[in-house]
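One letter stands for each residue in the lines below.
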Amino acid sequence: MDAPRQDAWKDDEDILLADTVLNYIRKGKTQLEAFQEVAEQLKRTPAACGFRWNATVRKQYQKEIEEAKGNRKQKRDFFVNGQTRQEAPISLDAAISLLKEMKVRQNEDQDRQKLEYQLQKLNEDNQELRSQLKEWEAAWKEVDRLVHWVKERHKSPI
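On a predicted model such as this, the values are computed, not experimentally measured, just so you know.

Undergrad: Account for the overall build of the protein, with residues named and values stated.
TA: Across its full length, the protein holds five helices and zero strands. Helices and strands appear in the protein in the N-to-C order α-α-α-α-α. Taking all 158 residues of the protein together, the buried fraction comes to 20%. The long-range fraction of contacts in the protein, counting pairs at least 24 apart against all pairs at least 6 apart in sequence, stands at 52%.

Undergrad: Report on the environment of V21, specifying residues and quantitative values.
TA: Inspection of the secondary structure puts V21 in helix α1 (residues 11–27). Taking the C-alpha atoms as reference points, V21 and L32, eleven residues apart in sequence, are found 8.7 Å from one another. In contact with V21, not counting residues within four places along its chain, are Q31, A34, F35 and W53.

Undergrad: Report on the pattern of salt bridges, specifying residues and quantitative values.
TA: Counting across every chain of the model gives eight salt bridges. If you follow the salt bridges from partner to partner, you end up with K27, K29 and D93 in one network.

Here is what the cut-offs are and how they apply
- Residues numbered from 1 in each chain as written.
- Predicted model: local features only at pLDDT ≥ 70, side-chain atom pairs only at ≥ 80, totals over all residues.
- Heavy atoms only, no water.
- Helix = DSSP H or I, 4+ residues; strand = E, 2+ residues; numbered from the N terminus.
- Buried < 20%, exposed > 50% of the residue type's maximum accessible area, 1.4 Å probe, protein only.
- Contact = heavy atoms within 4.5 Å.
- Salt bridge = Lys/Arg side-chain N within 4 Å of Asp/Glu carboxyl O.

In structure tokens, the structure reads:
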């Protein structure tokens, strides 16, 4: 018969893991960050905490996980809809998370603007090249006409 592991998970450790992960979800942080915090407290690795969460504890907290995710979404919607701080308080972590998202969107907008400027510049260059091509074609036609004229002049006796 196998002896129980000395480092087996205790109920209070599972509760700490669940509380921490749910708190991180509510704040818009990652589960990996929660595993790191719990690992430090329990003197375990973040990987062990993640495995325990995914293999065992998570199944017992499905309802709480959905509520935490809903709470996080409500906090994000709070800012997106332009409500004021007096209407609903928001955590500092949620505000930081929102600001990070806004920064990513701003960077995407700046990248889009740069691409639009480059496209406009390429279109202008394209127009200039088309204009030059027309001039060269006209010049070529004139040269061809002159060559034809010279050939005709040399054929006829004077």
